[in-house]
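# Fold and contact review
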Amino acid sequence: MIDAASLFAAHESERYDLHRRHLNEQMVRMLRTIGYDVRFCRGEGAYLYDASGTRYLDLLSGFGVFALGRNHPALRHALISVLGGELPNLVQFDVSTLAGILAERLLARVPYLDKVFFANSGTEAVEAAIKFARCATGRGGLVYCEHAFHGLTYGALSLNADDVFRRGFEPLLPDCIRVPFNDLDALERALRSRDVAAFIVEPIQGKGVNLPADDYLQNAAALCRRAGTLFVADEIQTGLGRTGRFLAVEHWNVEPDMVLLAKALSGGHVPVGAVLLRKPIFDKLFNRMDRAVVHGSTFAKNDLAMAAGIATLDVLDAERLIENAADRGEQLLRALKQMMPRYEMLKEVRGKGLMIAVEFGPPQSLRLKAAWSLLEAATKGLFCQLITIPLFKEHKILTQVAGHGSHAIKLLPPLVLSEADCEWIVSAFESAIAASHRVPGAVWSLGKTLAEHALRTNPKSSAA
Ligand SMILES: Cc1ncc(COP(=O)(O)O)c(C=O)c1O
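Here's what I pulled together on the structure shown here. Remember, predicted model here, so these are calculated numbers, not experimental data.

With that out of the way, let us pick up the pairing of strand β5 (residues 141-145). Of all five residues that make up β5, five are buried, and the element is covered over most of its length. Where burial is concerned, the two faces of β5 agree: the one with G141, V143 and C145 and the one with L142 and Y144 are both buried. As defined by bridge partners, β5 adjoins strand β7 (residues 196-201) across three bridges and the pair is classed as parallel. Following the sheet pairing, V143 is matched in β7 by F199. Strand direction decides the pairing type here: β5 and strand β6 (residues 176-179), joined by four bridges, are parallel. Across the sheet, residue V143 finds its bridge partner in β6, namely I177.

Structure (structure tokens):
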């Protein structure tokens with residue numbers, strides 16, 4: 001009998017070596033370079049514990065999957081009950097009861113949509129949406145936004161605006177048109193050909209936490225309707241309460257033709273994805289009995305994923321986590337914004353609920369200007385490491401930079417965050433930002449080391 005916890009305990013100290021030898025060596029190099037190789041050994045709620053027992057506040061939540069926090073007892077109970085129940089999982093020549101229940105409960109929260117298609121991940125939900133849209137409209141075109149991130153499989157990658165992800169993998173899907181986010185004129189022009197199947201958009205963009213203008217999503221949906229284009233909201237990151245509403249589109253009273261979910265729907269434990277859509281779109285693809293399996297995936301609708309989804313919805317309600325996301329988000333936004341007048345490189349704090357960006361920009365004062373330029377010449381966006389590394393090492397807070405070359409740090413914590421956790425975040429940011437404004441100082445010595453490292457790895461960057 002394999003006991004995973006004992007196996008983990010016996011071998012966890014070898015993890016970097018195992019990965020260096022058998023998996024992604026570059027990931028290990030990256031962790032070692034920035035000093036994140038602390039060997040996390042346990043997770044509970046919003047916290048992670050390293051090999052020495054030190055507690056960290058997790059503002060990444062596994063890229064947004066641990067909305068309920070790690071190892072939530074209700075999730076564990078649901079999953080163990082699936083295994084204990086000896087259920088007839090994935091019969092394939094039957095239909096799943098748990099999938100039926102989860103679909104019904106999801107649609108009850110999004111009453112203008114009629115059907116659910118389940119997948120195994122966010123990117124698979126995007127692939128399904130592309131197929132539904134092309135099949136329902138008979139059109140080939142797809143419109144997406146600058147700074148968009150919809151996943152990394154070929155269809156989703158064709159709608160990915162970051163060249164770092166695209167380069168080396170071309171050719172991608174043809175007929176994909178990129179428009180600036182928040183630009184209705186550009187969208188109108190892109191839709192004019194009448195050959196666009198779908199406009200796919202994140203209501204709040206994950207890369208950078210870019211918020212829509214107040215009228216953008218409503219007007220974009222209206223433009224799509226007029227052009228016969230389907231309006232698809234990618235709520236894979238923003239959905240399930242992250243922004244203080246069940247769906248982020250609710251902030252702007254928009255009713256998309258399709259809504260994509262994944263990440264938090266799994267409770268973090270089991271991969272899952274879902275497309276919620278209108279019946280006429282669904283029925284165009286699944287239009288005949290002999291096409292009942294024309295799109296799908298072997299593991300989709302598996303009992304563990306479906307049970308995790310049902311439990312997740314239950315916990316969101318029972319613990320009022322959507323309200324908590326709204327309240328804690330307000331607390332953080334208010335406190336972080338109050339710091340702005342004190343720090344010249346702190347340019348903007350923005351977000352909704354518990355999806356927040358803290359954005360930095362070039363200083364005015366001469367003493368900081370030279371230091372900023374040195375870092376930027378080495379690698380665009382390197383400044384943020386002068387905040388995230390001290391946040392991690394000194395304040396035990398795990399965060400991320402909001403995208404390649406970005407000057408924003410992103411907060412994507414579990415929705416179970418407490419008031420005390422928010423105070424921890426605010427005092428840690430205050431301290432790290434204050435230190436970054438002191439030149440010379442320990443932080444800028446770190447900056448010099450990082451810049452030298454970046455120049456050694458990519459000597460061309462100094463010319464940029
Ligand atoms: C908005 C959005 N769409 C799609 C995806 C892809 O999801 P997955 O990583 O599960 O394939 C992500 C992942 O970060 C995302 O943030």
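Taken together, S121, G122, T123, F149, H150, G151, E202, D234, I236, Q237 and K263 make up all the residues around the ligand. G122 is positioned with one of its backbone polar atoms (N or O) 2.8 Å from an oxygen atom of the ligand. In the model, an oxygen atom of the ligand is placed 2.8 Å from a nitrogen or oxygen of the T123 main chain. Grouping the amino acids of the shell around the ligand by side-chain chemistry returns two nonpolar, six polar and three charged.

Moving on to the pairing of strand β15 (residues 408-411). Side chains of β15 alternate between two faces, with A408 and K410 and I409 and L411 buried alike. Inspection of the sheet shows strand β12 (residues 355-360) paired to β15 by four bridges, in the antiparallel sense. Along β15, the bridge assignment pairs V358 with I409.

Attention shifts here to the packing of aromatic side chains. By the definition in use, this model includes 16 aromatic pairs. Taking 6.3 Å as the distance between ring centres and 20° as the angle between the ring planes, the aromatic pair formed by Y47 and W424 counts as stacked. Taken as a pair, Y47 in strand β2 (residues 47-50) and W424 in helix α17 (residues 419-436) lie far apart in primary sequence, 377 residues in all. The interplanar angle of 40° and the centroid separation of 5.0 Å between the aromatic rings of F282 and F286 together place this pair among those described as tilted.

Along the polypeptide, F246 turns up in the loop between β8 (230-234) and β9 (258-261). Judged by its relative accessible area of 7%, F246 is buried. In sequence terms F246 and H19 are 227 residues apart; their C-alpha atoms lie 37 Å from each other. Sequence-distant contacts of F246, that is, excluding residues within four places in its chain, are made with L106, R109, V110, T238, G239, L240, G241, L313, L316 and I322.

Put simply, the second largest pocket is a space of about 980 Å³. Taken together, 29 residues line the second largest pocket, and the ones lying closest to its centre are Q92, D94, V95, S96 and K301. With five residues, the single largest contributor to the lining of the second largest pocket is helix α6 (residues 97-109). When grouped by side-chain class, the residues that make up the lining of the second largest pocket number 17 nonpolar, nine polar and three charged.

Basis of the calculations
- Residues numbered from 1 in each chain as written.
- Predicted model: local features only at pLDDT ≥ 70, side-chain atom pairs only at ≥ 80, totals over all residues.
- Heavy atoms only, no water.
- Buried < 20%, exposed > 50% of the residue type's maximum accessible area, 1.4 Å probe, protein only.
- Helix = DSSP H or I, 4+ residues; strand = E, 2+ residues; numbered from the N terminus.
- Pairing = 2+ DSSP bridges.
- Near = heavy atom within 4 Å.
- Polar contact = N/O pair within 3.5 Å; in protein donor to acceptor, adjacent residues only side chain to side chain.
- Nonpolar A, V, L, I, M, F, W, Y, C, P; charged D, E, K, R; others polar.
- Phe/Tyr/Trp six-rings, centres within 6.5 Å; stacked < 30°, edge-to-face > 60°.
- Contact = heavy atoms within 4.5 Å.
- 1 Å grid on protein atoms, 1.4 Å probe; cavity = no way out; pocket = protein on both sides within 12 Å on 5 of 7 lines; lining within 4 Å.
- Points joined across faces, edges and corners; volume = space filled by probe spheres on them.

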